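Each chain is listed here by its residues.
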Amino acid sequence: MGLQQFEQRLERLVEGAFSKALRGGLQPVEIARRLTREMDLLRRVGVHGLIAPNAFVVVLSVPDAERFDSFADALARELGDAARDHARAEGYVFVGPVTVELRSLDTLRAGRFTVNGEVREGADGMTTGSVVLPDGSRIVLGVEPIVIGRLPECTVALNDQNVSRRHAEIRRAGGDVVVADLGSTNGTKVNGARVTERVLEDGDDITVGTTTLRFETS
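Just so you know, the residues in each chain are numbered from 1, in the order the chain's sequence is written. Local features in this predicted model are restricted to residues whose pLDDT is 70 or higher, and side-chain atom pairs enter the listing and the counts only when it is 80 or higher, whereas totals over whole chains, interfaces and linings include all residues. Heavy atoms throughout the structure, all of them, feed into the side-chain values; hydrogens and water do not.

Peer 1: What is the right way to read the environment of Gly 25 from this model?
Peer 2: Secondary structure elements follow DSSP: runs of H or I no shorter than four residues count as helices, runs of E no shorter than two count as strands, and numbering proceeds from the N terminus. Structurally, the position occupied by Gly 25 is in the loop between α1 (3–13) and α2 (28–42). Whether a residue is buried, partly exposed or exposed follows from its accessible area with a 1.4 Å probe, protein chains only, as a fraction of its type maximum: under 20%, in between, or over 50%, in that order. Residue Gly 25 is classed as exposed on the basis of its relative accessible area of 58%. Sequence separation of Gly 25 and Pro 63 is 38 residues, and the distance between their C-alpha atoms is 9.8 Å. Should any heavy atoms of two residues lie within 4.5 Å, those residues are counted as being in contact. Not counting residues within four places of it along the chain, the set of residues in contact with Gly 25 comprises Glu 30 and Arg 67.

Quick look at the structure:
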């Protein structure tokens, strides 16, 4: 997703009552542009390639923070997606989950802001990965597997009659992440091909029943 697409998606998310906040003054795309530039400036060579910052703090003026307050969570989420997309386009890798925190500072004038990024390892010290749900939310893979199924206690509980109670799981296997079918009735597919167990790559689509999830390494 380019910065123009970022802006269009955010506008759709906040259209209506919130759209006035995007007229005039500081624009979210300016923040996204600064954030991706911070990634370029602070990238460094690591064992597995170019490592980019994954933890960002955006400091806004009080007036701008108030303008964005009604959709601050959506803005932070979209900025995180912009970072992931930029990393994918540039071949950067992350060593922990992408986080974006919005703060305000009363000494900043309206229109002024800062973006500070740092490389922050995940809590378990392992490479990061996450599952993106159909609604755009994501679940970060930790030490424990992500279980997908109809049971309420599943990590991803789906109201889909074509999904088994415990349908599939996504887990770490050494330095890889794999998806494994748990003996489901209708099977598990990766990019349209039925699998029993398969190593996942960035951007792979996982289909269980009529529901498709996406795996991302960021």
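Peer 1: Hey, could you run me through the pattern of salt bridges in this one?
Peer 2: Opposite charge on two side chains allows them to pair when their charged atoms are near. When a carboxyl oxygen of Asp or Glu lies within 4 Å of a side-chain nitrogen of Lys or Arg, that pair is called a salt bridge. Inspection of every chain in the model, using the stated rule, returns twelve salt bridges. For Asp 85, the salt bridge identified is with Arg 88, shortest N-O distance 3.0 Å. In this pair, Asp 85 and Arg 88 are both assigned in helix α4 (residues 72–90), three residues apart and thus about one turn of the helix distant. Each of Asp 81, Arg 84, Asp 85, Arg 88, Arg 138, Asp 202, Arg 214 and Glu 216 takes part in salt bridges that share partners, so that together they form one network.

Peer 1: When you look at the packing of aromatic side chains in this model, what are you seeing that I'm missing?
Peer 2: Any two aromatic rings considered together are summarised by their centre-to-centre distance and by the angle between their planes. Any Phe, Tyr or Trp ring, taking Trp's six-membered ring, that has another such ring centre within 6.5 Å forms a pair; planes under 30 degrees apart are called stacked, those over 60 apart edge-to-face, and the others tilted. Here the structure, examined in full by the defined rule, presents one aromatic pair. Geometrically, a charge over a ring is one whose NZ (Lys) or CZ (Arg) sits within 6 Å of the ring centre while staying within 35 degrees of the ring normal. Of note, Arg 34 hangs over the ring of Phe 113, and the distance from its end group to the ring centre comes to 4.1 Å.

Peer 1: I keep staring at the sheet that holds strand β2 (residues 49–51) and nothing clicks. Help me out?
Peer 2: Within a beta sheet, neighbouring strands are joined by backbone hydrogen bonds and run either parallel or antiparallel to one another. For two strands to count as paired, DSSP must find a minimum of two bridges between them. One open sheet holds the three strands; their spatial order is β1-β2-β4, and the pairing between them is mixed. With partners counted over all chains shown, the strands left at the sheet margins are β1 (44–46) and β4 (92–93), one partner each. As paired elements, β2 and β4 share two bridges and run parallel to each other. In the sheet register, Ile 51 faces β4, and the bridge partner there is Val 93.

Peer 1: Sorry if this is basic, but what is going on with the packing of α2 against α4 here?
Peer 2: To describe two helices that pack against each other, one gives the angle between their axes and the distance between the axes. Axis lines are fitted to C-alpha atoms, over the contacting stretch for helices. Their N-to-C directions set the angle, which ranges from 0 to 180 degrees. The contact between α2 and α4 brings their axes to 10 Å, and the two run at 40°. The pairing of α2 with α4 is recorded here as oblique in orientation. Between α2 and α4 lies a crossing of right-handed hand. Each of Pro 28, Ile 31, Ala 32, Leu 35, Thr 36, Met 39 and Asp 40 in α2 lies in contact with α4, whose residues at this interface are Leu 75, Leu 79, Ala 82, Ala 83, His 86 and Ala 87. Just so you know the grouping, Ala, Val, Leu, Ile, Met, Phe, Trp, Tyr, Cys and Pro go in nonpolar, Asp, Glu, Lys and Arg go in charged, and all remaining residues, Gly too, go in polar. Tallied by class, the residues present in the contact of α2 with α4 amount to ten nonpolar, two polar and one charged. Roughly parallel covers angles under 35 degrees, roughly antiparallel covers those over 145, roughly perpendicular covers 65 to 115, and oblique covers all other angles. Should the near helix be turned anticlockwise from the far one by less than a right angle, the crossing is termed left-handed; should it be turned clockwise, right-handed.

Peer 1: It is not clear to me how α4 should be interpreted in this structure. Could you clarify?
Peer 2: In an α-helix, one turn spans 3.6 residues, which is why side chains three or four residues apart end up on the same side. Spanning 19 residues, α4 covers 27 Å between terminal C-alpha atoms, matching the ideal 27 Å at 1.5 Å per step. At the C-terminal side of α4, Gly 91 shows a positive phi close to 80°. Each residue after the first adds 1.5 Å to the expected span of a helix.

Peer 1: Honestly, unusual backbone geometry in this entry has me stumped. Any pointers?
Peer 2: The phi torsion of most residues other than glycine is negative, and most of the peptide bonds are trans. In this model, Asn 191 sits at a positive phi of 55°, which is unusual for a non-glycine residue. Tracing the backbone through its elements, the reader meets Asn 191 in the loop between β13 (188–190) and β14 (193–195).

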